[in-house]
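Chain by chain, the residues run as shown.
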Amino acid sequence: MASYSDVQRAVRVEKLRIWFAWICGNAILLMLAYGTRTVSVLSVITQTLLVVGFLALTTALFRMTGALNRKALAARREVLGDDL
């Protein structure tokens with residue numbers, strides 16, 4: 001059985017990875033939108049994809065962070081014996 005500090009450390013690392021992936025994904029979307037800004041039809045399409053991609057990445061970010069928080073809470077309850 002892993003200790004509570006090991007679980008917290010693993011959760012912290014995973015959260016950093018999730019946030020880094022979110023930042024990188026949004027940066028890539030912004031670069032694509034910026035690169036196609038001069039072509040009017042393509043610019044509209046990439047801006048739409050930028051909004052959709054941002055919403056999808058943000059939704060995934062918060063769902064994954066919430067799942068990690070629940071995992072950390074379950075580990076805390078297991079280690080400390082808290083019954084809520």
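Anything mentioned here points back to the structure above.
Now for a quick tour of the structure.

Conventions we followed
- Residues numbered from 1 in each chain as written.
- Predicted model: local features only at pLDDT ≥ 70, side-chain atom pairs only at ≥ 80, totals over all residues.
- Heavy atoms only, no water.
- Salt bridge = Lys/Arg side-chain N within 4 Å of Asp/Glu carboxyl O.
- Helix = DSSP H or I, 4+ residues; strand = E, 2+ residues; numbered from the N terminus.
- Buried < 20%, exposed > 50% of the residue type's maximum accessible area, 1.4 Å probe, protein only.
- Expected span 1.5 Å × (residues − 1).
- Contact = heavy atoms within 4.5 Å.

1. A word on the pattern of salt bridges
A side chain of one charge can pair with a side chain of the opposite charge when the charged atoms of the two come close. If you walk through the whole model with that rule in mind, you get 2 salt bridges. For R9, the salt bridge is made with D6, and the minimal N-O distance between the two is 3.2 Å. With R9 and D6 both in helix α1 (residues 4-35) and 3 residues apart, this pair spans about one turn of that helix. Residue classification places D6 among the partly exposed positions, given a relative accessible area of 38%. Note that R17 is salt-bridged to E14, the shortest N-O span being 3.0 Å. Of this pair, R17 and E14 both sit in helix α1, 3 residues apart, which is roughly one turn of that helix.

2. So, α1
Under the 1.5 Å per step criterion, the end-to-end length of α1 is 46 Å for 32 residues, consistent within 8% with the ideal 46 Å. Of all the residues in α1, the buried ones are V7, V11, I18, W22, G25, N26, L29 and A33. Turning to α1, the residues buried within the fold contact α2 (40-80).

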